[in-house]
Amino acid sequence: MIRLLFPVLACALIGACVETRFESPLGDNIETCDTAWKGLWFEEGDDLRRTDGERHLTGFAVDEACAFTLIEQPEAGGPFKRTRVPINYVHVRGDDYVVVSDAALRGLVDLKAPYDIDPPPQKSFFFARYRVRGNRLELRKVDDAKVAKLVIDGSLDGTVQKGRNELHVYVRGGRQQMLDLVRKHDLFESKPSLVFVRSREDLQDVERRLQRGAIREPRR
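What comes next concerns the included structure. (Residues numbered from 1 in each chain as written. Predicted model: local features only at pLDDT ≥ 70, side-chain atom pairs only at ≥ 80, totals over all residues. Heavy atoms only, no water.)

**Describing the state of the cysteines**
Here is step 1 of the chain: Under the definition given, this model contains 1 disulfide.
Here is step 2 of the chain: Disulfide pairing places Cys-33 opposite Cys-66 at an S-S distance of 1.7 Å. Residue Cys-33 is located in the loop between β1 (18–22) and β2 (39–43), and its partner Cys-66 is located in the loop between β3 (57–62) and β4 (68–72); the two are separated by 33 residues in the primary sequence.
Here is step 3 of the chain: Overall, the relative accessible area of 24% leaves Cys-33 in the partly exposed class. (Disulfide = S-S within 2.5 Å. Helix = DSSP H or I, 4+ residues; strand = E, 2+ residues; numbered from the N terminus. Buried < 20%, exposed > 50% of the residue type's maximum accessible area, 1.4 Å probe, protein only.)

Following this line, the structure appears as structure tokens:
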């Protein structure tokens, strides 16, 4: 099964597409680095075992320059594929958010323009809330159903398109309005959507070990 390394990739990686996109990023105080993210991360409980021929994302690394790199092993026993993804961080009243534009994901996944928005915007944005505690990173994705209800009720300006296995939510507004949204509304899931643990190994050691076929659990 595919491990969803990052919540914003879910729509592109699974058949049932549920997503919320925002017209603008979160305010103007956007940072390109959070030093707490530096290191090599794997999903909690991932012992790096894999079935031969199965393709899945195995982790991500954030280097000393704060470059975010998705780590994937396309073939069992083969080298890692590394894909840079520009992500940004926003801190609002004690809460921390990661912001990724859909344009940054083009070429990585087949991500279509926001559903039924004409003309389609050049960019739209995904948000997630996060918390880092030592070597543990918790990510909470947007609660799509909750945001859809706020749009339908008129509390948020946007559009909702719902199908049998799909839910597309698009929230309109400028940068300041996006800040107001996260201040006034609880838009995120109540429990962590994904939890990652920082590895004590470096990326090269993990890659060599997996290429040798070793399956012992990495030291956390």
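Moving on from the coordinates now.
**Some details on the packing of aromatic side chains**
Remark: the centre distance and the inter-plane angle together describe each pair of aromatic rings, the angle taken between the planes.
Here is step 1 of the chain: Taken as a whole, this structure holds 10 aromatic pairs when the rule is applied.
Here is step 2 of the chain: Seen in terms of ring centroids, Phe-60 and Phe-196 are 5.3 Å apart; in terms of plane orientation they differ by 75°. Their pairing is edge-to-face. One end of the pair, Phe-60, is in strand β3; the other, Phe-196, is in strand β12 (residues 194–198), with 136 residues separating them in the sequence.
Here is step 3 of the chain: By relative accessible area, Phe-60 is classed as buried at 0%.
Here is step 4 of the chain: By relative accessible area, Phe-196 is classed as buried at 0%.
Here is step 5 of the chain: Pairwise contacts between aromatic rings join Trp-37, Trp-41, Phe-60, Phe-68, Tyr-89, Tyr-130 and Phe-196 into one cluster. (Phe/Tyr/Trp six-rings, centres within 6.5 Å; stacked < 30°, edge-to-face > 60°.)

**What to know about the nonpolar core**
Here is step 1 of the chain: Within the largest apolar cluster, 23 residues are counted, with the highest numbers of intra-cluster contacts made by Phe-22, Leu-26, Phe-127, Val-171 and Leu-187.
Here is step 2 of the chain: For this core, the elements supplying multiple residues, two or more each, are β6 (88–92), β7 (95–101), β8 (125–133), α3 (144–153), β11 (167–171) and α4 (175–184).
Here is step 3 of the chain: In this structure, Trp-37, Trp-41, Val-109 and Leu-111 belong to the second largest nonpolar core, which totals 22 residues. (Core = buried A, V, L, I, M, F, W, Y, C linked by side-chain atoms within 4.5 Å.)

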